[in-house]
Amino acid sequence: MSFLSEIQRRRTFGIISHPDAGKTTLTEKLLLFGGAIQEAGAVKSNKIKKGATSDFMEIERQRGISVATSVLAFEYNGIKINILDTPGHKDFAEDTFRTLTAVDSVIVVIDVAKGVEEQTEKLVEVCRMRNIPMIVFINKLDREGKDAFDLLDEVEQKLGLTVTPLSFPIGMGYDFKGIYNIWEKNVNLFSGDSRKDIEETIEVSDLNSSELNTLLGDIAANQLREDIELTDGIYPSFDKDAYLNGDLQPVFFGSALNNFGVRELLDCFVDIAPKPRAKQSEERLVKPDENKFTGFVFKIHANMDPNHRDRLAFIKIVSGEFKRNTPYLHVRNKKKLKFSSPNAFFAEKKQIVDISYPGDIVGLHDTGNFKIGDTLTEGEIINYKGIPSFSPEHFRYINNADPMKAKQLYKGIDQLMDEGVAQLFTLEMNGRKVIGTVGALQYEVIQYRLEHEYGAKCTYENLNVHKACWVDPEDEKNTEFAEFKRVKQRYLAKDKSGQLVFLADSVFSLQMTQQKYPSITFHLTSEFE
Ligand code: GDP
């Protein structure tokens, strides 16, 4: 197959949802369609079990699963599909944000009874800002839930989307009869038999035919006619370009657990979802069909085997072909590296591959060369944009609890920060180290891993910080800057890359500082125009 057709047949996407909406179940059904797994229950949930946050085995278990489920690839009708795993737990939201820089589209899963939940809102907002094409799957139709129109309203209002249903439920919960596939114009009847792999669909080219009454009964048939007439009236008709530009989001209904409505979703997905897209770098826009290889690191995972503490760096291939045993330029380190055993992913298995294409993810063994956001090329200086750090929500001093192990501690902190577990800030005033995280759970993870992987012990001390605000280096030229630096010295720190950060202790002090020094702009992310 030619290089171009390899690109054309790839779809790389992520499934995002609030925990429990059905992401794992849907992933599994998709893999079943691809024949990549043989039975249900094969895909492990990467969820943190409730109440298990202080159970360290749980942390290791979760890490093990998240290596296995980082990329799940399968083939369906000649299309190579790469699903990138996105943790739903809010404490790992940053990991999910970074993964979203490597997807070309997403599927958003919503629970029909719970509607739009908090994590969904946050993740969809990130996708919306980046114009990532989204398809919505409303799940658990076999249960009593909200009215379909109310739900579509909620999706529009809370998520700021413009929706167009491509399937529509016939009844719900106890009365759930099936779905009408607006996209393919047929009816799929629900039998509630979860072992059924292939559903029988009945073509209904004319909704007014009496056949529909025979199929569904008069009441349900008339209701469906009304519903479809209403959807025709309210929602814009599907437009592929609008979807690809992030302006329109098609919606499907179904029940992942019952493998119902999933094939409709998958068939439409492979039809409309974007092929690998061009990516903006600081230097220029890079197109997938360029001959020279480029790619970037969006995730780093420490090896689970304590005897081989090397790491796996996940690279998204943006352009060209990635080849085994070929020297590539590590742009930040200005060093050539080659990889003898790059891993590709197929379902839950890893295998060594000789060649990978744009859209694919390869896992590279790394002994500490990579950090998140690093770019590899054939020699050109390219720095991919779009992996900013966000202001953490929690801040604590980290102290060394074993003076004999200082070196181990600093090495451990350094590597865990490269992996993106948390952010490190060093106070300007006294050099003390502060760890910032999205959730409190990360402090336990760091403490546990420092001890088990690096033999170092740490303690934490609370620190009152509301937000970390990055200061534009350009602003340092302003006359106000010297005074700002002198007055606020206690609150200034450097992040890991040496960028200046103002640690505001409250909303109020941030506002006051902004008013006092209007020529300095404070950014809540590390990357700004
Ligand atoms: P995740 O946290 O989003 O990965 O959610 P899971 O896939 O683990 O699903 C959470 C729970 O919802 C599990 O108990 C599933 O069996 C259940 N579930 C998933 N899909 C459906 C569905 O279509 N109908 C019903 N009734 N339950 C479902």
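Report follows, based on the coordinates. (Residues numbered from 1 in each chain as written. Predicted model: local features only at pLDDT ≥ 70, side-chain atom pairs only at ≥ 80, totals over all residues. Heavy atoms only, no water.)

### Quick word on the overall build of the protein chain
To keep things clear, this is the line we draw: Going along the chain from the N terminus, every DSSP run of H or I of four or more residues is numbered as a helix, and every run of E of two or more is numbered as a strand. Only protein chains enter the calculation, and the probe is 1.4 Å; a residue is then buried if its accessible area is under 20% of its type maximum, exposed if over 50%, and partly exposed in between. Two residues qualify as a contact provided that any one of their heavy atoms is within 4.5 Å of a heavy atom in the partner residue. Under the convention used here, a 1.4 Å probe and the Shrake-Rupley method define accessible areas, while residue burial counts only the protein chains that appear.
When helices and strands are tallied, the protein chain shows 14 helices and 31 strands. Burial analysis of the protein chain (529 residues in total) assigns 56% to the buried set. Pairs at least 24 apart in sequence give 72% of the contacts found in the protein chain among residues at least 6 apart. Within the structure as shown, the protein chain displays about 22,900 Å² of accessible surface, and the carbon and sulfur contribution to it stands at 48%.

### Structural notes on helix H10 (residues 262-272)
A large share of H10 lies buried, amounting to ten of its eleven residues. Where H10 is concerned, the buried positions are Val262, Arg263, Glu264, Leu265, Leu266, Asp267, Cys268, Phe269, Val270 and Ile272.

### Quick notes on the sheet that holds strand S27 (residues 458-462)
Selection criterion: For two strands to pair, DSSP has to find at least two bridges joining them. Working convention: axes come from line fits to C-alpha atoms, limited for helices to the stretch in contact. Angles between N-to-C directions cover 0 to 180 degrees.
The strand order across the open sheet built from eight strands is S27-S24-S26-S25-S29-S30-S28-S31, with neighbouring strands paired in antiparallel fashion. Only two strands of the sheet have a single neighbouring strand rather than two, namely S27 and strand S31 (522-523). On top of the sheet, helix H14 (residues 507-516) reaches strand S28 (467-471), strand S30 (500-504) and S31; it is set at about 130° to S30, its chief contact.

### Section: the state of the cysteines
What counts is decided by this rule: By convention in this document, the label disulfide applies to cysteine sulfur atom pairs within 2.5 Å.
Counted according to the given criterion, the structure contains zero disulfides. In this structure Cys127 is not part of a disulfide, and its nearest cysteine sulfur, from Cys268, lies 17 Å away. Given the relative accessible area of 0%, Cys127 is considered buried.

### Thoughts on the pattern of salt bridges
Our working definition: Whenever a carboxyl oxygen of Asp or Glu lies within 4 Å of a side-chain nitrogen of Lys or Arg, that contact is scored as a salt bridge.
The full count for this structure, using the stated rule, is 28 salt bridges. The salt bridge involving Glu453 is made with Arg449; its shortest N-O contact spans 2.8 Å. With Glu453 and Arg449 both in helix H12 (residues 441-454) and four residues apart, this pair spans about one turn of that helix. On the basis of relative accessible area, Glu453 is assigned to the buried category, the value being 14%.

### Some points on the site of the ligand
The following threshold applies: Near, as used in this document, describes a residue that has one of its heavy atoms within 4 Å of the molecule or strand being considered. Whenever a nitrogen or oxygen atom comes within 3.5 Å of another N or O atom, the pair is scored as a polar contact, on the condition that within protein one atom can donate a hydrogen and the other can accept it, and that pairs from neighbouring residues in sequence are kept only if both atoms are in side chains. Gly falls in the polar group here, along with every residue not listed as nonpolar (Ala, Val, Leu, Ile, Met, Phe, Trp, Tyr, Cys, Pro) or charged (Asp, Glu, Lys, Arg).
The immediate surroundings of the ligand are formed by 17 residues, with Asp20, Lys23, Thr24, Thr25 and Ser255 found nearest. One of the side-chain nitrogen or oxygen atoms of Thr24 is found 2.5 Å away from an oxygen atom of the ligand. A distance of 2.8 Å separates a nitrogen atom of the ligand from a polar side-chain atom of Asp142. Relative to its free-state accessible area of 580 Å², the ligand is covered by the protein chains to the extent of 81%. Here the element with the most residues in the shell around the ligand is helix H2 (residues 23-33); it accounts for three residues. Residues that form the shell around the ligand fall into these classes: four nonpolar, seven polar and six charged.

### Topic: the packing of aromatic side chains
Defined as follows: Aromatic pairs are defined between Phe, Tyr and Trp rings, using the six-membered ring for Trp, whenever the two ring centres lie within 6.5 Å; interplanar angles under 30 degrees are classed as stacked, those over 60 as edge-to-face, and all others as tilted. The rule is short: NZ of Lys or CZ of Arg within 6 Å of the ring centre and within 35 degrees of the ring normal puts a charge over the ring.
Summed over the entire model, instances satisfying the criterion amount to 28 aromatic pairs. Joined through ring pairs, the aromatic side chains of Phe481, Phe484, Tyr491, Phe502, Tyr517 and Phe522 make up one cluster. Here Arg396 stacks its cationic end above the ring of Tyr443, 4.1 Å away from the centre of that ring. In this arrangement the basic side chain of Arg396 is found over the ring face of Tyr460, its NZ or CZ atom lying 5.8 Å from the centre.

### Quick look at the pairing of strand S24 (residues 394-400)
Note on strand geometry: in a regular strand, side chains alternate between the two faces of the sheet. The sheet contact formed by S24 and strand S26 (residues 433-437) spans four bridges and is antiparallel. Looking across to S26, one finds that His394 is bridged to Thr437. Alignment of S24 against S27, held across five bridges, turns out to be antiparallel. From the neighbouring strand, Tyr397 faces S27, where its bridge partner is Glu461.

### Digging into the packing of helix H11 (residues 406-419) against H12
Worth spelling out the cut-off: Working rule for angles: under 35 degrees goes down as roughly parallel, over 145 as roughly antiparallel, 65 to 115 as roughly perpendicular, anything else as oblique. Rotating anticlockwise by less than a right angle from the far helix to the near helix defines a left-handed crossing, while the corresponding clockwise rotation defines a right-handed one.
Direction vectors running N to C along H11 and H12 enclose 120°, while the axes themselves pass 10 Å from each other. As summarised for this structure, H11 and H12 are arranged oblique, according to the angle between their axes. Note that H11 runs across H12; the crossing there is right-handed. Counting all contacts with H11, which are made through Gln408, Leu409, Gly412, Ile413, Gln415, Leu416, Met417 and Glu419, the residues of H12 involved are Ile446, Arg449, Leu450 and Tyr454. Tallied by class, the residues present in the contact of H11 with H12 amount to seven nonpolar, three polar and two charged.

### A short note on the environment of Phe298
Note that Phe298 resides in strand S14 (residues 294-302). What makes Phe298 buried here is its relative accessible area of 2%. Taking the C-alpha atoms as reference points, Phe298 and Ala468, 170 residues apart in sequence, are found 22 Å from one another. When sequence neighbours within four positions are dropped, the list of residues in contact with Phe298 reads Leu84, Arg98, Thr99, Thr101, Ala102, Phe314, Ile315, Lys316, Ile361, Ile372 and Ile387.

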